[in-house]
Amino acid sequence: MAEARRVWAAELFEQGRSGAEIARMLGVSRESVRRWRRVWEEGGVGGLRRRPATGRPPKLDDTQAERVRTALEQGAQAHGFEADPWTLERVGLVVERVTGVALSRASVWRLLTGRLGWGLQRPERRAVERDELEIACWIAHEWPRIKRGR
């Protein structure tokens, strides 16, 4: 969307339109139009096109990330852990087993939340002795009585 707006601005520059007119037409600030014009004058339309992201490439490529997703969907017990909840340490071990790449806890978190779309989930803690039927009866009978006493 942003690239299309900048390319459209380049077409309007070629038509000789004013910066204020272009800003109004595109719904952007005049400063943005001035900046785009400078870039356009130096590098043409190519300068206004989107550039690939810079920085260090991810340690896992897309194929490896999907292999990790498949492994994690099998559950923690399928990978030899006693209980089923995933922890960052467990996921890190599975990533290393599946791909051969060791990741820090922070990188495991970014992999889970950013690339795989997983989120933080904590198991709900409930007492083993909890009796749902007894609780429902208490809410139905005792709670109204207590509330009326106010």
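On a predicted model such as this, the values are computed, not experimentally measured, just so you know.

1. A short note on the packing of aromatic side chains
Next, step 1: Applying the stated criterion to the full structure yields three aromatic pairs.
Next, step 2: Plain terms: the ring middles of F13 and W40 are 5.2 Å apart, the flat faces sit at 45° to each other, and that makes the pair tilted. Highlighted residues: F13 in helix α1 (residues 2-14) and W40 in helix α3 (residues 30-48), separated in sequence by 27 residues.

2. Things to note about the environment of A10
Next, step 1: Within the secondary structure, A10 sits in helix α1.
Next, step 2: Residues A10 and A106, 96 residues apart in the sequence, show an inter-C-alpha distance of 41 Å.

3. Digging into the packing of α1 against helix α2 (residues 19-26)
Next, step 1: For the pair α1 and α2, interaxial distance at closest approach is 11 Å and the crossing angle is 145°. Regarding α1 and α2, the two cross each other, and that crossing is right-handed. Residues R5, W8, A9, L12 and F13 of α1 touch α2, and the partners they reach there are I22, M25 and L26.
Next, step 2: A per-class count over the contact of α1 with α2 returns seven nonpolar, no polar and one charged.

4. Notes on a nonpolar patch on the surface
Next, step 1: Taken together, the side chains of W138, I139, W143 and I146 make up a nonpolar region of the molecular surface, amounting to roughly 400 Å² of accessible area.
Next, step 2: Mapped onto the secondary structure, W143 falls in helix α7 (residues 132-148).
Next, step 3: Judged by relative accessible area, W143 falls into the partly exposed class, the value being 38%.

What counts and what doesn't
- Residues numbered from 1 in each chain as written.
- Predicted model: local features only at pLDDT ≥ 70, side-chain atom pairs only at ≥ 80, totals over all residues.
- Heavy atoms only, no water.
- Phe/Tyr/Trp six-rings, centres within 6.5 Å; stacked < 30°, edge-to-face > 60°.
- Helix = DSSP H or I, 4+ residues; strand = E, 2+ residues; numbered from the N terminus.
- Axes fitted to C-alpha atoms, helices over the stretch in contact; angles between N-to-C directions.
- Left-handed = near helix turned anticlockwise from the far one by under 90°.
- Contact = heavy atoms within 4.5 Å.
- Nonpolar A, V, L, I, M, F, W, Y, C, P; charged D, E, K, R; others polar.
- Patch = residues over 30% accessible without salt bridge, like charges linked within 9 Å, V, L, I, M, F, W, Y side chains within 5 Å.
- Areas by Shrake-Rupley, 256 points an atom, 1.4 Å probe, with all protein chains shown as cover.
- Salt bridge = Lys/Arg side-chain N within 4 Å of Asp/Glu carboxyl O.
- Buried < 20%, exposed > 50% of the residue type's maximum accessible area, 1.4 Å probe, protein only.

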